[in-house]
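# Descriptive structure summary
The residues making up each chain are set out below.
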Amino acid sequence: MSARSAGGRGAAVPALFSEPWQGQGVPSEGHGALDEGHGASYKEHGALEGGRRVPGEGHGAPGEGQGVLDAGHGVQDEGEGLPEGWGVPDEERLARAALTRLVEPGDQAVGRWLRRMGPVALWRALTGKAKPPPGATGDRLAGCALRAAGLDPVADLALIARCGGRFICPGDLDWPGQLDDLGDARPVGLWVRGPAGLRMWALRSVAVVGARACSDYGTHVAATLGAGLAERGWVVVSGAAHGVDGAAHRGALAAGGATIAVLASGVDVPYPRGHAELIERIAEQGLVLAELPPGAHPTRPRFVLRNRVIAALTRGTVVVEAQFRSGSLVTARRAQQLGRSTMGVPGPVTSGLSAGVHELLRGEAVLVTDAAEVAELIGGIGDLAPERRGPLVERDLLDPVTARVLEALSARGGNDLREVARESGTGCDDALGRLHELLALGFVERHGDRWELVRPVSPGDGARRGDPPNRGNRVKGLRR
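Source: prediction; values computed, not measured. (Residues numbered from 1 in each chain as written. Predicted model: local features only at pLDDT ≥ 70, side-chain atom pairs only at ≥ 80, totals over all residues. Heavy atoms only, no water.)

## With respect to the packing of helix α3 (residues 90-102) against helix α7 (residues 153-162)
Close contact between α3 and α7 brings their axes to 9 Å; oriented N to C, the two are set at 95 degrees. Between α3 and α7, the interaxial angle falls into the category roughly perpendicular. In this structure, α3 contributes L94, A97, A98 and R101 to the contact, and α7 contributes P153, V154, D156 and L157. Residue composition of the contact of α3 with α7, by class: six nonpolar, no polar and two charged. (Axes fitted to C-alpha atoms, helices over the stretch in contact; angles between N-to-C directions. Helix = DSSP H or I, 4+ residues; strand = E, 2+ residues; numbered from the N terminus. Parallel < 35°, antiparallel > 145°, perpendicular 65-115°, else oblique. Contact = heavy atoms within 4.5 Å. Nonpolar A, V, L, I, M, F, W, Y, C, P; charged D, E, K, R; others polar.)

Written out as structure tokens, the structure reads:
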């Protein structure tokens, strides 16, 4: 039986991972079980190959020694290995999982170190097992040391597997490449719950964000947008917060569509608590993802940092109601910086809830009012919103001269032929011909030498079936 990495390449796991991990959650020799302090094992709960759950013994798994992470070895696969490029090596996955608990999301200094050193070397450097990264301060290293004392990435991976989730890293096939646009602020990895493939869903996704304390108007617009986008095959992405976020998710779910919730906590910690049921529904029908490891709780800075993931993951961001100081505007402006489409739904100019959206619309954002306009802006060729026009009246179909003759007629008492010709600027013969056309079309009627508009008929006038069409008032619009 040979040890192979999750990427299908034979590789020896560094000594870092064959030694006790800070004294907690260490796989015992040859068994792949966590220590008694955790009471869990990959054999009981399943291992993760390349970020995907592989059921362990008792769950329809292969025999002993398959799909189990043991001490000093990667995933045991009876020598078969996985396809080249399928995922990242186990030691790198464990290091990235550990780093999500060791450092805060969006730290660009950590991103630079990660790019230059790699995850395994960076973990060693931040925990005192190797030379500190260049530029690392004593305070940062002291903080990392405190967090490292409780690290157990094996237990975290087992926990996410029990939740039906997975941990995906840059290099996995399911990693959304558009997150790489964040540069050094790119997530170290993503903890994901839900059955769908994140990469494929993100290719056709749009963010709908807005005020938490939104108005009934904002709730209605967000739910309508969520449903309309879902019906057009778009994945609706938001932050699962109260207000606009929750309405957008519910709209997409109600339409039987796809939706992704990006949390500022661990994927097993529903926040806000009032949306626990909604987040669970999203995990069953869509995807719930977070940068933070299982059990992590949200903080104010983490909400702001979460917004950059929403902006980068999607093809465009729609803001529905936002005050001048709003996290939704942070998302929209980050989307602009990343070259994504930025849209806003207008509201009453007297509403402070729409003030931030209106300011956004004064810049580079595009005004949208429904899902069709959003799809037209971010979709492909042919995703056009329907042309919007006012109601068409019969007069619009008249040629200009005939319309001028019609306008020359008074709504009261009518006119003789000479008056019509004078008012319309035509000759008497031409005016007479036009009047007969209007007579045939039902616009006018003749009484001796005078021509009059057909009088409007109200519903109470007792009109009978077969009466001439009433076009006079519909054309003139008023009485003179």
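Continuing now.
## Focus on the environment of A411
When you line up the elements, A411 lands in the loop between α16 (400-408) and β14 (415-416). Between the C-alpha atom of A411 and that of V454, which follows or precedes it by 43 residues, the distance is 8.7 Å.

## Thoughts on the confidence of the model for the protein
Looking at the protein, the pLDDT average stands at 80 and 75% of residues meet or exceed 70. Confidence over residues 463-468 falls short of pLDDT 50; this stretch has one contact with residues more than four positions distant or in other chains. For the stretch residues 470-480, pLDDT sits under 50, and the model shows 33 contacts to residues farther than four places along the chain or on other chains. (pLDDT = per-residue confidence, 0-100.)

## A look at the sheet that holds strand β15 (residues 444-447)
Spatial ordering of the open sheet is given by β14-β16-β15, a layout of three strands whose pairing is antiparallel. The open sheet terminates on both sides in strands that have one partner only, identified here as β14 and β15. In terms of strand pairing, β14 meets strand β16 (residues 450-453) through two bridges, oriented antiparallel. Within β16, the position partnered with N415 by the bridge is W451. Where helix α18 (residues 428-441) meets the sheet, it contacts β15 and β16, and its direction lies at approximately 115 degrees from that of β15. (Pairing = 2+ DSSP bridges.)

## What to know about the pairing of strand β6 (residues 190-193)
A two-sided burial pattern is seen for β6, the buried positions comprising L190 and V192 on one face and W191 and R193 on the other. Pairing analysis gives four bridges linking strand β5 (residues 165-168) to β6, with the strands arranged antiparallel. Across the sheet, the residue bridging to G165 is R193, located in β6. Relative to strand β10 (residues 287-290), β6 is paired through three bridges, and the arrangement is antiparallel. Paired with V192 across the bridge in β10 is L289. (Buried < 20%, exposed > 50% of the residue type's maximum accessible area, 1.4 Å probe, protein only.)

## Considering the pairing of strand β11 (residues 316-320)
Of all five residues making up β11, five are buried, and the element is well covered by its neighbours. The two faces of β11 match: G316, V318 and V320 on one face and T317 and V319 on the other face are all buried. With four bridges connecting them, strand β7 (residues 205-210) and β11 associate as parallel partners. Residue A207 lies in a different strand from β11, and its bridge partner there is T317. Of the strand pairs in this sheet, β11 and strand β12 (residues 341-345) are connected by five bridges, and their pairing is parallel. Within β12, the residue paired with V318 across the bridge is M343.

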